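Per-entry structural report
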Amino acid sequence: MTKNRKQVMALLQTKNTAMSAYEVIAAMQQEYDVNLHPMAAYRALDFLLQMHCVLHLRTINKFLYIDGQQHCFWQVFICDNCRQIEKYPLPATIARPMLQHTGSAFQTKDLHIELHGLCKNCCDVPHT
Ligand SMILES: [Zn+2]
């Protein structure tokens, strides 16, 4: 793994939240004093995607670090109010029927599903 890729991975791991490519670039500047070119950032994120180290959250166009060693499928909750992310591994017995359908040859490629709503904190805030 190149130094850039390692740093991008370490960054997503320590921040422990979903980040856009441009948030990654800004944080690389701040944390490592590295000027990452957008193309280099996308290449690094693409590499981490292929390594199953990050998920690409398509609905918000951000990247989320995952420990891809043990689990194959993730359920990702995205708070529409504060953008907090929660991620939970889904067992294959639950994930498989969602990914395949008898009678369809469709090949799914994402390793996660994204669900939007409100996190606990935002639910608890009284609406005035
Ligand atoms: Zn929230």
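This one's a predicted model, so the numbers in the text were calculated from it and none came from an experiment. (Residues numbered from 1 in each chain as written. Predicted model: local features only at pLDDT ≥ 70, side-chain atom pairs only at ≥ 80, totals over all residues. Heavy atoms only, no water.)

Let's talk about the environment of Gln-84
Convention followed: Segments assigned H or I by DSSP are reported as helices when at least four residues long, segments assigned E as strands when at least two residues long, and all are numbered from the N terminus. Summary of the burial criterion: residues with accessible area below 20% of their type's maximum are buried, those above 50% are exposed, and those between are partly exposed, where the area comes from a 1.4 Å probe applied to protein chains only. Any two residues whose heavy atoms approach within 4.5 Å at even a single point are treated as in contact.
Within the secondary structure, Gln-84 sits in the loop between strand E3 (73-79) and strand E4 (85-90). Gln-84 gets classed as partly exposed once you look at its relative accessible area, which sits at 34%. Sequence separation between Gln-84 and Cys-119 is 35 residues, and the spatial gap between their C-alpha atoms is 7.1 Å. Other than its neighbours up to four places away in sequence, Gln-84 contacts Phe-77, Ile-78, Cys-79, Cys-119 and Asn-121.

Section: the coordination of the zinc ion
Definition in use: Donor atoms are limited to N, O and S found within 2.8 Å of the metal ion, a distance that becomes 3.2 Å for Na, K and Ca. With water left out, some sites might look partial. By the criteria applied here, four donors are tetrahedral when all angles lie between 85 and 135 degrees, four are square planar and six octahedral when opposite donors are over 155 degrees apart and every other angle lies between 65 and 115, and any other arrangement is irregular.
Surrounding the zinc ion are the protein donor atoms Cys-79 (SG), Cys-82 (SG), Cys-119 (SG) and Cys-122 (SG), at 2.2 to 2.4 Å. Coordination geometry of the zinc ion: the four donor atoms subtend angles of 106 to 115° at the metal centre, consistent with an arrangement described as tetrahedral. Sequence spacing of the donor residues for the zinc ion, all on one chain, is C-x2-C-x36-C-x2-C. Under the relative-accessibility criterion, Cys-82 is labelled partly exposed at 39%.

What to know about the layout of surface pockets
Let me state the cut-off plainly: Buried and open spaces are told apart on a 1 Å grid over the protein atoms alone, a cavity being a set of points where a 1.4 Å probe fits but cannot get out and a pocket being an open set with protein on both sides within 12 Å along at least five of seven lines. Residues with an atom within 4 Å of a point are the lining residues. Grid points are joined across faces, edges and corners, and a volume is the space filled by probe spheres set on the points. Put simply, Ala, Val, Leu, Ile, Met, Phe, Trp, Tyr, Cys and Pro go in the nonpolar bin, Asp, Glu, Lys and Arg in the charged bin, and everything else, Gly too, in the polar bin. The source of the domain bounds is an automatic or database domain assignment.
In this model, the largest pocket occupies a volume close to 200 Å³. Lining the largest pocket are Leu-49, Gln-50, His-52, Val-54, Leu-55, His-56, Arg-58, Lys-109, Asp-110, Leu-111 and His-112. Mapped by element, the contributors of at least two residues to the lining of the largest pocket are helix H3 (38-50) and strand E1 (54-57). Here the lining of the largest pocket gets three residues from one element, more than from any other, and that element is E1. Residues belonging to the lining of the largest pocket are distributed by class as follows: four nonpolar, four polar and three charged. There are two domains that each give the lining of the largest pocket at least three residues, and those are domain 1 (3-65) and domain 2 (73-124).

What about the domain arrangement of the protein?
Heads up, the condition is: Accessible area that two parts lose when put together, with a 1.4 Å probe and added across both, is what the buried area reports. What counts as a salt bridge is simple: a side-chain nitrogen of Lys or Arg found within 4 Å of a carboxyl oxygen of Asp or Glu.
Taken as a whole, the protein is organised into domain 1 (3-65) and domain 2 (73-124). On a C-alpha basis, the centres of domain 1 and domain 2 stand 21 Å from each other. Of the residues lining the interface, 12 residues belong to domain 1; the matching set on domain 2 comes to 12 residues. Interface of domain 1 and domain 2: buried area, both sides summed, is about 1000 Å²; carbon and sulfur atoms make up 63% of it. In terms of surface lost to domain 2, no three residues of domain 1 exceed Leu-55, Arg-58 and Ile-60, which account for 44% of the buried area on that side. The interface formed by domain 1 and domain 2 contains one salt bridge.

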